[in-house]
Amino acid sequence: MLTVHHLGISQSERIVWLCEELGIDYEFKRYQRRSDNALAPDDYKALHPAGTAPIITDGDVTLPESGAIIDYITAKYGDGGLVPSPSSPNFADYLFWYHYSNASFMAVLLAKMMIGEGSADRGALLDDRIERGFAMLEDQLGKSDYLAGNELTAADIMMGFELTTVRAFMPFDLESRPNIRAYIDRIQARPAYQRAMAKAEPEMAG
Ligand SMILES: N[C@@H](CCC(=O)N[C@@H](CS)C(=O)NCC(=O)O)C(=O)O
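Residues numbered from 1 in each chain as written. Predicted model: local features only at pLDDT ≥ 70, side-chain atom pairs only at ≥ 80, totals over all residues. Heavy atoms only, no water.

Undergrad: Describe the overall build of the protein chain, and please don't skip the residues or the numbers.
TA: Each helix and strand counted, the protein chain has nine helices and four strands in total. Counting from the amino terminus, helix and strand elements in the protein chain follow one another as β-α-β-α-β-β-α-α-α-α-α-α-α. With respect to the principal axes defined by its C-alpha atoms, the protein chain has extents near 55 × 50 × 35 Å. Within the protein chain, buried positions represent 32% of all 206 residues. (Helix = DSSP H or I, 4+ residues; strand = E, 2+ residues; numbered from the N terminus. Buried < 20%, exposed > 50% of the residue type's maximum accessible area, 1.4 Å probe, protein only.)

Undergrad: Account for the site of the ligand, with residues named and values stated.
TA: Taken together, 16 residues surround the ligand, and among them K45, E65, S66, N102 and R129 come closest. For the ligand, a nitrogen atom lies 2.6 Å from a polar atom in the side chain of E65. Its free accessible area being 510 Å², the ligand has 89% of it covered by the protein chains. Here the residues of the shell around the ligand sort into five nonpolar, six polar and five charged. (Near = heavy atom within 4 Å. Polar contact = N/O pair within 3.5 Å; in protein donor to acceptor, adjacent residues only side chain to side chain. Areas by Shrake-Rupley, 256 points an atom, 1.4 Å probe, with all protein chains shown as cover. Nonpolar A, V, L, I, M, F, W, Y, C, P; charged D, E, K, R; others polar.)

Undergrad: A description of the sheet that holds strand β1 (residues 2-7) should follow, citing residues and the corresponding values.
TA: In spatial order, the strands read β2-β1-β3-β4; together these four strands make up an open sheet with mixed pairing. Edge positions in the sheet fall to β2 (27-31) and β4 (61-64), since each of these pairs with one other strand and no more. Neighbour to neighbour, the strand axes of the sheet diverge by 20° on average, direction disregarded. Two elements, β1 and strand β3 (residues 55-58), share four bridges in a ladder whose sense is antiparallel. Across the sheet, the residue bridging to L2 is D58, located in β3. Lying on the sheet, helix α1 (residues 13-22) is in contact with β1, β2 and β3; it crosses β1 at an angle near 140°. (Pairing = 2+ DSSP bridges. Axes fitted to C-alpha atoms, helices over the stretch in contact; angles between N-to-C directions. Contact = heavy atoms within 4.5 Å.)

On their own, these measurements won't tell you what the molecule is for.
Here is the structure:
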């Protein structure tokens, strides 16, 4: 049974709305934010190492991240609803707005909220997320050479940027993260990556 784990006043309301629009059967569970720092409560964090809302569970699958969840539900239960086909004249607009929402617009809104008043709670949220992000990467890369198996996928092309180029501007310690270090080396050893960087970022060579 598909279960939507909704954290009160959070992005997980998207998933509740999605399920209602698609008219699919789902179980709904609502969680309250912590009163001390407004983060998700421990039983929510325990659902998945990402620890962020939304999260769904569906049989053996536990999945966080709005976009991944929407792709999962529309592909598995959506029966073609809410997703324009590549032949639709609206396909490019659909892709743009779908990705822009979380990857850019929500990201800057969140950044603005973070610098807004600089409270300890906001620091806790950032630290929690960064730590969990590295911990998940380290764990996943201990299981396979790339993020979705032993072959490169587009998921690596999305994530590679944060671990390579972003690191030049915002260094982070990889001493305790040998799997991430090896992954970066693996990416950087790829001839296509080297060709791409020689073209795209020649000033970063070496
Ligand atoms: N990009 C993520 C962002 C998730 C996110 O920031 N969720 C917030 C709620 S809006 C959250 O979980 N806050 C509580 C916490 O971090 O403990 C997604 O779309 O799933």
